[in-house]
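Now for the letters of each chain:
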Amino acid sequence: MPAQAADYTPVFRELQRIQNNQLEQERIKQQNLEREIQQESARQQAVAEEEARKRAEAIEQKRRNERAEAVATSPPDAYRDYLPLHRDLLTRSEAPPPDRAIEISPRAGMTFSDDERRVAYVDREGQLVVEDLMSGQRIVFPMANPQKTLSSTVQWRGDYLLLSKEGPDSLELFDSNGRSLKSWTGMKGYFAGGRASPGMKLILFSGEPSAEGGWSQVSVYDVVSGKETSVDFGSSQRIHSSRVRKDASLELLTEGSGRFSYYVDGRNVSQFKGNVGMAWRFFLDVPYAISYSYSGDKAAYLWALNDGRLLCLIGHGDYSAFFQFDSDIFYSAYPAGRFSLSSCQFSSMGSPSARLTRFKSALILDDGDAGKVDVVEPGGNQIVKSFSVSRGRWFDWYLDGVEVLLRADTDEYKRLEAYSLVSGERILDLTVSDNESIYGSALPKGGWVLGRVFYGLGDGRRQEYRLWRVASLVNSGLNQLLAQSRKDRFESAEAFRKRVAGLRMPYEMRVELGEYDADQGRFQARWRGASLSIPVAPEVARKFGDARTATLRGKLQVLDDQFFRLADASIVQPDGGLVSLPQPAHFPGKPAVRMTATDKDEGMASPVASPFTGPAVASCAGSLAEIGRRIPAFSAPELASIRREIVGMSIPTIWASAKEQGYDASRAADAARQQAFAQDKVAREAAVTAGQTDAGSGSIEKAKAGTLPLNFACSGAHGNAVCAYLINTWSAMASREVAQRIASCR
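Presented here is a report on the structure given in the accompanying data block. (Residues numbered from 1 in each chain as written. Predicted model: local features only at pLDDT ≥ 70, side-chain atom pairs only at ≥ 80, totals over all residues. Heavy atoms only, no water.)

Notes on the side chain of Asp366
Here comes step 1: With respect to the secondary-structure elements, Asp366 resides in strand E28 (residues 362-367).
Here comes step 2: A polar contact of 2.6 Å, which involves the side chain of Asp366, links it to the side chain of Arg407.
Here comes step 3: With sequence-adjacent residues up to four places away left out, Asp366 is seen in contact with Ser353, Ala354, Arg355, Lys372, Val373, Val389, Trp394, Asp396 and Arg407. (Helix = DSSP H or I, 4+ residues; strand = E, 2+ residues; numbered from the N terminus. Polar contact = N/O pair within 3.5 Å; in protein donor to acceptor, adjacent residues only side chain to side chain. Contact = heavy atoms within 4.5 Å.)

Describing the state of the cysteines
Here comes step 1: Tallied over the entire structure, the rule returns two disulfides.
Here comes step 2: Here Cys312 pairs with Cys344 through a disulfide, and the sulfurs are 2.0 Å apart. Taking the sign of the S-S torsion, -70° for the link of Cys312 and Cys344, the bridge is left-handed. With Cys312 in strand E22 (residues 309-316) and Cys344 in the loop between strand E25 (337-340) and strand E26 (345-348), this residue pair connects regions lying 32 residues apart in the sequence. By the burial criterion, Cys312 is buried, and Cys344 matches it.
Here comes step 3: What pairs with Cys714 in a disulfide is Cys723, and their sulfur atoms sit 1.9 Å apart. Measuring the twist about the S-S bond at about -85°, one finds the Cys714-Cys723 disulfide to be left-handed. Comparing Cys714 with Cys723, the two get one shared label, buried. (Disulfide = S-S within 2.5 Å. Buried < 20%, exposed > 50% of the residue type's maximum accessible area, 1.4 Å probe, protein only.)

Considerations on the environment of Tyr160
Here comes step 1: Tracing the backbone shows Tyr160 in strand E9 (residues 160-166).
Here comes step 2: Expressed as a C-alpha distance, the spacing of Tyr160 and Leu173, which sit 13 residues apart in the sequence, is 7.0 Å.
Here comes step 3: Setting aside residues up to four positions removed in sequence, Tyr160 forms contacts with Gln155, Leu173, Phe174, Asp175, Leu181, Phe191, Met200 and Val223.

Notes on the nonpolar core
Here comes step 1: In this structure, Leu639, Ile646, Tyr725, Leu726 and Trp730 are the most contacted members of the largest nonpolar core, which totals 37 residues.
Here comes step 2: Elements that contribute at least two residues to this core include exactly helix H8 (637-647), helix H9 (651-660), helix H10 (665-692), helix H11 (699-705) and helix H12 (716-742).
Here comes step 3: In terms of residue count, the dominant contributor to this core is H12 (eleven residues).
Here comes step 4: Not counting chain neighbours up to four residues away, the residues in contact with Tyr725 comprise Ala683, Ala686, Ala687, Ile700, Ala703 and Lys704.
Here comes step 5: The next biggest cluster of nonpolar side chains, apart from the first, holds 34 residues, and it includes Tyr507, Val511, Ala541 and Phe564. (Core = buried A, V, L, I, M, F, W, Y, C linked by side-chain atoms within 4.5 Å.)

If you want it as structure tokens, here you go:
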């Protein structure tokens, strides 16, 4: 019989089934991948939205803090005519003068000696330089072939400096006198542990790291003995953290192939599976480590290294530093809180933005959201002392030996404060210039603050560093006056007035000039963010022309425990001459004293009208219709519209709205004055633009003189600028009128 043909149909069916299964698995795999991509995208978007929300909250909180500070430093109505200065504003200063700073131009960063009196850096010529911050003496270390193109960094530990170069890699070890002790080529390395490590040991790497960023073998060099030993990891390991313990043993925490290893003097003590993709660091001087993440939920975990056990979740946050006061209780710097090692429990202290700083045998709790600082005894969390500080987000340092707390803002890195931990007084409030930043570092032992300065723009800009000694920035005489003018809670008001009556101190201040109100005979001015009304006669004011600033001189005199006045005040004219400023002859709160001819013959200035001298104050009723006579009726719609708005403004309506927002008359008037100052500034800027775009019409000069034709058109760059000047000038005039009228509202 002929052989039958083989039936391959079942085979083909099976192959088709397998192929269909593979296609289905690929389809499912692709769907899962797309789902994961969508989930990851959604997660990243959620993280970005959360970060944007936090940034917006921080900006809004900063604005609220600034508004609250402006209200807090606003003087009561009774002080308006006395050039009142709030005590908090007296300690605020602009960027320090260059002659009080040490400027350093390193290639990269810099490092400081343990006593923080010397700084080491590689200069732009490629030379290693050590500079004494007190004497200014510079030592240039002898180096073999210094090159400007090399990228170099330097570390300082004890009496030793380590210079690291790239391209090609090399290391050189020096003593602090500039003597070269040892060098390595083709090596990278760093000092093990932090500045407080008891032993001087270097960790050295040779060759290129693996794809995971690790090495299979490292060397450890003992600087004191000169002995070098090798640590063989067996496979590529990434070193997460290193330190030298009190017994001089070297600890290493490494990661490789998804597992972690704990080494002590080259001996592998434990291996365990930990949190991959997180940062690790040792926990104080005990065989523990913390794993933490700077992204996502920012979870921080505590591990026992001897056996690789996960002990507990500490919490969510940075947990950047801990302080230890006994064998079981630890304190976290940020988030601020108390951590029990035995129970693995963390208890928060203060608001989420609060920070802890160690202060001798106590702690400083700086709560920026609450605007206060507490000095706390660690044992029972007993508050020893409290004082008020500026609100916001700050980073703290304690200056050793002088009991001063430094605070640098972490929002814009532009502001530095200093508070006495003895009196609680703010002794410094410094804002650096636009091209500078507070670097976020201080030298507590030496009392220096490090700032960073940028020169130039874009990628070509160059950075330098400045060091300011806090003592040189603080006005000790002013701080003494501030301390003496505090009212004790056991002191009666009369006793306080008698005690401070004789306190005086010469003082000079530079103010920003706003518009001059000829009807009131006053310059509206700004000083350190606060508004001032300066009485100046028209013939004197005319000499200032378009000047933007002026200098006032006088003597600080106590009004109360929050405010001072500038008594015996004078204004420095552009030609250098001094003109006395008229001020009320009596002291606030006392009966007005009518001046006699004899008083005037003795050279006393005539008093300026004030709530104490008897003239009627402005009414809280009515509108601003009467100032319509001072605003020309231009035909341009933009100008006609703003004129109608101003003329129709109702004082009772404005006052009702202010009360609804929680303002009293004093604060509402101050807000209006601040608005007037801002409008004056915009008007001045518009006038500059109008002058730059003028083709010879002289329109801006006519607008200032009140001779501009009523049919003037707000068109084109020049016309728009002229109209912007008029609109903001009128608005400022209206704001000042509102301030004067609303101050009488109750």
